[in-house]
Amino acid sequence: MSASAGCFHCGLPLPRKPFRETFAGRERAFCCAGCALVARVVGEAGLEAIYLRRDEPSGRPADPPTPGRFAACDREEVLDRLAPLSRGAREATIRVEGIHCAPCVWLIERALAAMPGVHRACVSFATHRAAVTFDPATVPLSAILERVAELGYHPVALTPGSVETALRDEHRRLLVRMIVAVACAMNVMLISAALYAGDFQGMDPALRRFLEAAAFALTIPLVGFSARPFYTGAARSLRNRLLSMDVLIAAGISVVFGVSALHLLRGRGEVFFDSTAMVITLLLAGRWLEARFRLAGADAIGRLIEAAPATARVLSDGGAQMLPGERLRTGDLVEVRPGEKLPADGVVVEGEASVDESMLTGESRPVGKRPGDVVSAGTMNLDGRLACRVTRAGAETTVARIARLIEQAQARRPRLQRLADAVTAPFVSIVAALALATLAGWLWAGAETEAAVRAAVSVLIVACPCALGLAAPTAVLAATVRGARSGVVIKGGDVLERLNDVTHVLLDKTGTLTEGKLHVTDAIPAPGVSRDALLELAASVEAASQHPLGRALVEAAREAGLATGGVDAFRAVSGLGVEGTRSGEPVRVGRRAFAAGGDADLDLSRAALPLETQGRTVVWISQGGKAVGIVALEDRVRAEAAETIGRLRAMGLRPVMVTGDAEGPARVVADAIGIDEVRADVSPEGKERLVHALTAEGARVCVVGDGINDGPALAAAHVGIAQGSGSDLALEAADAGILSDRLGPVADALALGRWTVRRIRRNLGLSFAYNVLTIPLAMAGLVSPLVAAALMSASSVVVSFGSILRAVPGPRDEAARGNQGASRGAPAPGGA
């Protein structure tokens, strides 16, 4: 409601003496003090644009666009929520209302990509969302939104939590339009049945005129309200000089309705109000079902977002106080009691508890947490009190980052989808030409005008390439959602397609094929050095390391009651070890060549040999350039590793172990799980070179790793998969991430890629076959507009339903969750 018609805020009638408040430099009238207070808060927050958007007519953009209406999105605190920073750029998810076909996607992507400062713009036809990566110093978010609005669409910048809300709003609007359409169409069909009966049994002309007028009156709400999305899309396309399916649909509806109305006014000729009504109803039902499928696909993201609690108990010198979750900052100390969820990512500093991480990893078995362990937002504390130091809050938490990755993944298209998009745009022009040819052909053959028009309209409607446009997006949507439910984050449809091409799987040993939870088996000091002193020296340097070897050394020192830390100038040397300065002397921990160099003690070398032969990892420690001892560590092979390797072989893939460890320990693990090919003593650069060498031979390499030293190989691979226990660097470099510590989901991800490509190809085949069969039938007059609408809607539903069904967990998934997190890649009962 316009502000002048009543209260500026709520639009209700003003009292005799209204409240007055200055808003945006102008005096406004309010019906009560509450509305005036709310408006003041909105103004102070810089969200004045909400009133501009409120006054826009529903269903189409303001005309002309209002400059500055998106300016509030450029405020720093708002921008942090809408477009979080990622690797030096901002990433925004924009809900674009009004997308109905592949040409819409093409237009928006081209317009955004042409803007200076926009690095990438991907629009998903399935979800109607645009993932935009941009430099805010060059192009503000408001300018990006304004550009989308200028094209005639409705852009809404979304936080991850608002995606599902936007989809529910769209679903609700389409449902209302469909309810009106069904109510009117059913009555029109009843009237039409009476008119058809009159054709055979006779009917008074006055009664016929009355029934035709009643059908006309009932069809007006259908054309004016229910069909509005088609007319809005058509007007937008014509304004941008783009021929879309909305143009063809709107033209077909208008022609049938217009000819029928003309015959009614002239008092002679056949009317087709029943066809008009049912065409609109069936087409709208197809749109509604697509919206329903998109909403179902957003449920997994919604569950992730809702997992983090809205409030947190923050501990300080003044005691504990409850604060909103968005006010948490890095370094805050939060308390989490039994039965409560973690409000942010952090590290446990006090207490022990079992934590349910199933919402992230898909594994229902609780994970024990104690001081030093990492915890994630949204996971549930089951049975103990924890005090945690916040490391990431808000949009930077693991759960929020995963939600963004899933949303962006659905906008990244595989090659097959880009092929379908390229075919769709010219296909629309071909259909328009065929419809005109049909009309001319029937008239040239001497047919009645009504029959020629109906045949041409049938061609326009039956050939709608919606199924073609949905073939790939629905399959990608289903795959990403299914992956998220089982703890696999796939960063795009193109990744799924590349997973299908994989021929070789390179797996790191520590933390990937093994549990990554090393424990110290032997500590052999040099003469004059005690065992405790050796462990304390090693743990003091490794205290700042994220590597599993370092964590095991620190844990062993703490269990022995020894001190850790106190080292300056810490530095990790990829593939070799770590170093620092303690009491003014350099200390190194790592491989022999790095830590001891040529000054290795002969007795220590002899002691290390049998340990390495037994498959244990030997770490050398030096101080002041002199070796002071060795520590042997042992890592358990993952229980599901052998079965996963067997699955990879059954899929025709070639597993290869590539590790920086020595040949002895690597060979022991490989023999235990059935890997024939082992590459040991490989540096990070060597792993990357191996990937390039295999690629040059024609291989399609998938690299699976979890550490910092895997980053280069993950980035160079055809597909990189990072284990959830790995570092942020590995997760950033990879194309997919496994959120649990299990190995089975690696095979699941590869199988999911193969399923997705098969589904896309099947969908495309069905779509092409449908058009090849139905267009000639429509041109021959064997398909009425009513049947054409039913066939077109059915084709879209079949494509969407066939893909989305795969996103619903089946009995096998539920059984897996009930089996304490065992999945298709987990060990069978009784397995080793």
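Anyway, here's the lowdown on the structure attached to this text. Remember, it's a predicted structure, so these values are computed and weren't measured experimentally.

1. As for the overall build of the protein
Okay, step 1: Broken down by element type, the protein carries 29 helices and 29 strands.
Okay, step 2: For the protein, buried positions account for 53% of its 832 residues.
Okay, step 3: Sequence-distant contacts, at least 24 apart, represent 68% of the contacts inside the protein between residues at least 6 apart.
Okay, step 4: Accessible surface for the protein amounts to roughly 34,900 Å². Of this, 58% is attributable to carbon and sulfur atoms.

2. Comments concerning the packing of helix α16 (residues 493-501) against helix α27 (residues 744-779)
Okay, step 1: Packing of α16 against α27 leaves a shortest axis separation of 7 Å and a crossing angle of 105°. Here α27 runs roughly perpendicular to α16, going by the angle between their axes. Where α16 abuts α27, its residues L496, E497, L499 and N500 lie against A749, L750, L752, G753, R754, T756 and V757.
Okay, step 2: Within the contact of α16 with α27, the residues separate by chemical class into 6 nonpolar, 3 polar and 2 charged.

3. Concerning unusual backbone geometry
Okay, step 1: Of note in the backbone geometry, A569 takes a positive phi value of approximately 55° without being a glycine.
Okay, step 2: With respect to the helices and strands, A569 occurs in strand β20 (residues 568-573).
Okay, step 3: The phi angle at D681 is positive, at roughly 55°, despite the residue not being glycine.
Okay, step 4: Inspection of the secondary structure assignment puts D681 in the loop between β26 (677-679) and α24 (684-696).
Okay, step 5: A relative accessible area of 43% places D681 in the partly exposed class.

4. Thoughts on helix α8 (residues 228-239)
A turn of α-helix holds 3.6 residues, and therefore any two residues three or four places apart point the same way.
Okay, step 1: Spanning 12 residues, α8 covers 16 Å between terminal C-alpha atoms, matching the ideal 16 Å at 1.5 Å per step.
Okay, step 2: Once α8 ends, the next one or two residues include R241, with phi positive near 55°.

5. Notes on the pattern of salt bridges
Okay, step 1: According to the stated counting rule, one finds 20 salt bridges in the structure shown.
Okay, step 2: When the shortest N-O distance is used, the salt bridge between R370 and E555 registers 2.7 Å. Of this pair, R370 sits in the loop between β13 (367-369) and β14 (374-375) while E555 is found in helix α19 (residues 548-559), placing the two residues 185 residues apart along the sequence.
Okay, step 3: When its relative accessible area of 36% is taken as the criterion, E555 is described as partly exposed.
Okay, step 4: Measuring nitrogen to oxygen at the nearest pair gives 2.7 Å for the salt bridge that ties R591 to D681. Taken together, the residues span a long stretch of sequence, with R591 in the loop between β22 (585-590) and α20 (592-595) and D681 in the loop between β26 and α24 at a distance of 90 residues.
Okay, step 5: Assessed through its relative accessible area of 29%, R591 is described here as partly exposed.
Okay, step 6: Salt bridges sharing common partners tie together R313, E335, R337, E340, E350 and R385.

6. Digging into the sheet that holds strand β21 (residues 577-582)
Okay, step 1: Spatially, β19-β24-β23-β22-β21-β20 is the arrangement adopted by the 6 strands of the open sheet, whose pairing is antiparallel. Only two strands of the sheet have a single partner each, and these edge strands are β19 (519-525) and β20. Going across the sheet, the axis of each strand differs from the next one's by a mean of 15°, ignoring polarity.
Okay, step 2: Note: β19 against strand β24 (residues 626-634), 6 bridges, orientation antiparallel. Each bridged residue has a counterpart across the sheet, and for V520 the counterpart in β24 is L633.
Okay, step 3: Each of β19, β23 (617-623) and β24 touches helix α21 (residues 602-613); the most contacted strand, β24, lies at about 10° to it.

7. Points about the nonpolar core
Okay, step 1: With 47 residues, the main nonpolar core has F230, I253 and F273 as its most contacted residues.
Okay, step 2: For this core, the secondary structure elements donating two or more residues are α6 (163-201), α7 (205-226), α9 (245-266), α10 (273-307), α13 (415-444), α14 (449-462) and α27.
Okay, step 3: Ignoring sequence-local partners within four residues, the contact set of I253 consists of A227, F230, Y231, T276, V279 and I280.

8. A word on the packing of aromatic side chains
The geometry of two aromatic rings is summed up by the distance between their centres and the angle between their planes.
Okay, step 1: Per the stated rule, a full pass over the model turns up 3 aromatic pairs.
Okay, step 2: Grouped by ring-pair contacts, the aromatic residues F216, F257 and F273 constitute a single cluster.
Okay, step 3: Positioned above the aromatic ring of F225 is the side chain of R177, whose terminal nitrogen or guanidinium carbon lies 4.7 Å from the ring centre.

9. Side note on the sheet that holds β13
In any sheet, the strands associate via hydrogen bonds between backbone groups, in a parallel or an antiparallel arrangement.
Okay, step 1: Strand order in the open sheet formed by 3 strands is β13-β12-β15, and the pairing between neighbours is antiparallel. The sheet terminates laterally at β13 and β15 (380-381), the two strands that pair on one side only.
Okay, step 2: Where strand β12 (residues 353-356) and β13 come together, 3 bridges link them in antiparallel fashion. Pairing of V355 across the sheet is with V367, part of β13.

10. Digging into the packing of α7 against α8
Okay, step 1: It is at 5 Å that the axes of α7 and α8 come closest, and there the two elements cross at 45°. Judged by the inter-axis angle, α7 sits oblique to α8. Here α7 contributes V223, G224, F225 and S226 to the contact with α8, which in turn contributes R228, P229 and Y231.
Okay, step 2: Grouping the constituent residues of the contact of α7 with α8 by class yields 4 nonpolar, 2 polar and 1 charged.

11. A look at the pairing of β22
Okay, step 1: Inspection of the sheet shows β21 paired to β22 by 6 bridges, in the antiparallel sense. Each residue of the ladder has a partner; that of V578, found in β22, is V589.
Okay, step 2: Hairpin geometry of β21 and β22 is characterised by an intervening segment of 2 residues between the two adjacent antiparallel strands and by a positive phi of about 55° at S583.
Okay, step 3: Sheet topology note: the β22/β23 ladder contains 4 bridges and is antiparallel. From the neighbouring strand, V589 faces β23, where its bridge partner is I621.

What counts and how
Residues numbered from 1 in each chain as written. Predicted model: local features only at pLDDT ≥ 70, side-chain atom pairs only at ≥ 80, totals over all residues. Heavy atoms only, no water. Helix = DSSP H or I, 4+ residues; strand = E, 2+ residues; numbered from the N terminus. Buried < 20%, exposed > 50% of the residue type's maximum accessible area, 1.4 Å probe, protein only. Contact = heavy atoms within 4.5 Å. Areas by Shrake-Rupley, 256 points an atom, 1.4 Å probe, with all protein chains shown as cover. Axes fitted to C-alpha atoms, helices over the stretch in contact; angles between N-to-C directions. Parallel < 35°, antiparallel > 145°, perpendicular 65-115°, else oblique. Nonpolar A, V, L, I, M, F, W, Y, C, P; charged D, E, K, R; others polar. Expected span 1.5 Å × (residues − 1). Salt bridge = Lys/Arg side-chain N within 4 Å of Asp/Glu carboxyl O. Pairing = 2+ DSSP bridges. Core = buried A, V, L, I, M, F, W, Y, C linked by side-chain atoms within 4.5 Å. Phe/Tyr/Trp six-rings, centres within 6.5 Å; stacked < 30°, edge-to-face > 60°. Lys NZ or Arg CZ within 6 Å of the ring centre and 35° of its normal.

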